[in-house]
Amino acid sequence: MGVFHVKHLADQQADVIVIGGGHAGCDAAHAAARAGAATILITHRIDRIGEMSCNPAIGGLGKGHLVREIDALDGVMGRVADAAAIQYRLLNRKKGPAVQGPRAQCDRSLYRKAMQAEISTCPRLSVIEAAVNDLSVGGGRVTGVVLDGGEVIRAKAVILTTGTFLRGTIHIGDKRIPGGRIGDPAARRLADRLRDLGLPMGRLKTGTPPRLHRDSVDFDRLDQQPGDDDPTFFSTLTSRVTASQVPCHITHTSAETHEVIRDNLSRSALFGGGIEGVGPRYCPSIEDKVVRFAEKTSHQIFLEPEGLDTPLIYPNGISTSLPEEVQAIWVRTIPGLERAEIVQPGYAIEYDYVDPRALTPGLALRALPGLWLAGQINGTTGYEEAAAQGLVAGLNAARAIAGQPPQHFSRTDSYIGVMLDDLTSAGVTEPYRMFTSRSEYRLHLRADNADQRLTPLGIAAGLVGERRRRAFESKRESLARSRARLEAHAITPSAANAKGLSLNEDGVRRTALQLLGRPDINPETLFGLWPNLGDLPAYDVAQLAREAHYADYITRQRAEAEELRREEARPLPAALTYEALPGLSSELRQKLTARRPATLGDARRIEGMTPAALALLLVAAKRLEQAAAQSRRA
Ligand code: FAD
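Quick notes on the rules
Residues numbered from 1 in each chain as written. Predicted model: local features only at pLDDT ≥ 70, side-chain atom pairs only at ≥ 80, totals over all residues. Heavy atoms only, no water. Salt bridge = Lys/Arg side-chain N within 4 Å of Asp/Glu carboxyl O. Helix = DSSP H or I, 4+ residues; strand = E, 2+ residues; numbered from the N terminus. Buried < 20%, exposed > 50% of the residue type's maximum accessible area, 1.4 Å probe, protein only. Axes fitted to C-alpha atoms, helices over the stretch in contact; angles between N-to-C directions. Left-handed = near helix turned anticlockwise from the far one by under 90°. Contact = heavy atoms within 4.5 Å. Nonpolar A, V, L, I, M, F, W, Y, C, P; charged D, E, K, R; others polar. Pairing = 2+ DSSP bridges. Near = heavy atom within 4 Å. Polar contact = N/O pair within 3.5 Å; in protein donor to acceptor, adjacent residues only side chain to side chain. Areas by Shrake-Rupley, 256 points an atom, 1.4 Å probe, with all protein chains shown as cover. Arc of directions from axis to C-beta.

1. A word on the pattern of salt bridges
Okay, step 1: Summed over all chains, the structure comprises 52 salt bridges.
Okay, step 2: Note that K63 is salt-bridged to E385, the shortest N-O span being 3.1 Å. Here K63, found in helix α2 (residues 63–72), pairs with E385, found in helix α9 (residues 383–401); they are 322 residues apart in sequence, far enough to count as distant. Assigned by exposure class, K63 and E385 land together as buried.
Okay, step 3: Note that D421 is salt-bridged to R604, the shortest N-O span being 3.8 Å. Of this pair, D421 sits in helix α10 (residues 415–426) while R604 sits in helix α18 (residues 600–604), and the two are 183 residues apart along the sequence.
Okay, step 4: Residues joined in a network through salt bridges with shared partners are R48, E51, R108, R112, R181, D184, R211 and E306.

2. Concerning the packing of α2 against helix α11 (residues 450–460)
Okay, step 1: Where α2 contacts α11, the axes come no closer than 8 Å and their chain directions differ by 40 degrees. For the pair α2 and α11, the sense of crossing is right-handed. Seen from α2, the contacting residues are R68, E69 and A72; seen from α11, they are A450, D451, R453, L454 and T455.
Okay, step 2: Looking at side-chain class alone, the contact of α2 with α11 contains three nonpolar, one polar and four charged residues.

3. Points about the pairing of strand β8 (residues 132–138)
Okay, step 1: Bridging between β8 and strand β9 (residues 141–147) involves six bridges; their strand directions are antiparallel. Note that in β9 the partner of V137 across the bridge is V142.
Okay, step 2: Counting the residues between successive antiparallel strands, the hairpin from β8 to β9 contains two residues, one of them, G139, with a positive phi of roughly 60 degrees.

4. Quick look at the sheet that holds strand β15 (residues 223–225)
Okay, step 1: An order of β15-β16-β17-β18-β14-β19 is seen for the six strands of this open sheet, with the pairing classed as antiparallel. If you trace the sheet from one side to the other, it starts and ends with β15 and β19 (342–344), each paired once. Adjacent strand axes in the sheet meet at a mean angle of 40 degrees when their direction is disregarded.
Okay, step 2: Across two bridges, the pairing between strand β14 (residues 211–213) and β19 is antiparallel. Counterpart to R211 in the pairing with β19 is Q344.

5. Quick look at the site of the ligand
Okay, step 1: Neighbouring residues of the ligand: 35 residues in total, closest A24, H44, V132, Q376 and G382.
Okay, step 2: For the ligand, an oxygen atom lies 3.2 Å from a polar atom in the backbone of G21.
Okay, step 3: With respect to the ligand, the backbone of G22 contributes an N or O atom lying 3.5 Å from an oxygen atom.
Okay, step 4: For the ligand, whose accessible area on its own is 990 Å², the fraction buried by protein is 96%.
Okay, step 5: Contributions of two or more residues to the shell around the ligand are made by α1 (23–34), β3 (39–43), β13 (201–208), β20 (347–354) and α9.

6. A closer look at helix α8 (residues 324–331)
Okay, step 1: If you check which residues of α8 are buried, you get V326, Q327, W330 and V331. Viewed along the axis of α8, the buried residues span an arc of 125 degrees, placing them on a single side of the element.

What follows is the structure in structure tokens.
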């Protein structure tokens, strides 16, 4: 990595400039450089590249899928998270592979170090430590950036990944402090410039909990939550755990906690009218939870270490914007936290975002050529959503300057495609986060097959390095060999049943691969039938079992998704009462009642709409039409 100092900048010119060294910025800069562009990453502070602004964890439901997809395209987030992981947990372990979410608690400082190492060793990528104050625009397109000292750096493409920094305002009770996150400046001039350019912009907010000192927590009285014995890595290139593994602990808010919070609601920035922005529905503050779920007397809190060499504990589940002195009172009403010392108070942050409907599905701004946007600036929340967008913007900026068309990611190939389509077609009015329920193809879009789905695309796009390409190709060849061997063995039901299986006696021969997909047949049973298959690699057997298990369901799911597409023009009758429709979430019930979409296609474009809800609407609409037809005939 070249690190340039501002006084030497006059001659600098890049193919691609990325503004911001957060999660979107790092994957954007790395992807642009991998795709062949001479890239400069400009960020406020080099030592905060890869900073986790909120919780020190990567992955989870839906988000873990995104990280696997980033990794499949040789992006950096997955392997950095593996290098920093201090506790792995596969969420939804008891459910099917399609909805399992790999997650890792990370050491915040190891994460930064690993990310900075990735950035500093990436060919064609340089870093400048500076604040960008303005975009330089000429001939109707962005031609570079202007730094706070007035220096201009020219570029053929610019990617903005400024996260929560645009007109960022931190709120703690009635205190308001300009800032992009605690300890960092806000980006005000740049935000004003975007508004002057006429971009459609709004305000969103998010929050973070107080950080506690480890020595002031009574861990002995709390339940311990260890990590998984068999860690699920994010990167297919990771083969072992490198950092020490530690447990988390669990506690709960109490009735007394809720009482103190309720008594002080008027002093909360969130409830006292101090914040105009909309917050994340799926990551509510403790004030929100106490008000919205008034019937509950307790909420779960995970006490997560921020790292191995830091005394900081992150209490997951209690983000707040109450005054510091009030936080100090209610935190001590929580079992195990009676002596807790707050090292850094919780706070809320409000910031500008750009309506992502102003972007192409490749994340280029339609109205101003030469500019791409990625991450929290597009109304999303979370490191994973940011990094995935960064990768897309970095790749497409590099492709644009090489005269190539944008790389398309579709809803059928990836969660990345789902997110791009959701954002650019439905927009956001509240921070967007990924869930598996957003995909109509979720049995196919599994975390376990992300490389099979996307690495070939990454290789074709020039994104994938030699090491991954070789590893992927040898894995693909091995899977093909194993699949062929499993398909070459077949047995009739009567012969199989004679050996202890219980297949339907329909006379149809089943291949070993088909048998492997059955939930009642494990590999050992199969090897009992055909001992010569016992030398198949264990990874191949597990992966092919998942494939075979889902094969029929995936065909059915595809047909359902296609039916929903075909039915987009179907009118939703006025007689359809959403309040009475079972199975709809209260979020969608409210939105549908308020909007009354004319057709199924209009309903699909409602922010937060899920394929499952659309299927319910289709059935209900058909039923009402049939009833109306019957009454006309009667
Ligand atoms: P960031 O990680 O914010 O990175 C932005 C980068 O841009 C920084 O490096 C910054 O220095 C740089 N930058 C900005 N402006 C300029 C400029 N003008 N010149 C040069 N550099 C600039 N997400 C959740 O999913 N759940 C949560 O509960 C949650 N809580 C949060 C609480 C707080 C207080 C904050 C601040 C964030 C929270 N987030 C949460 C969001 C999460 O941090 C972001 O989703 C994620 O960091 C977004 O990544 P990003 O790359 O878009 O932006």
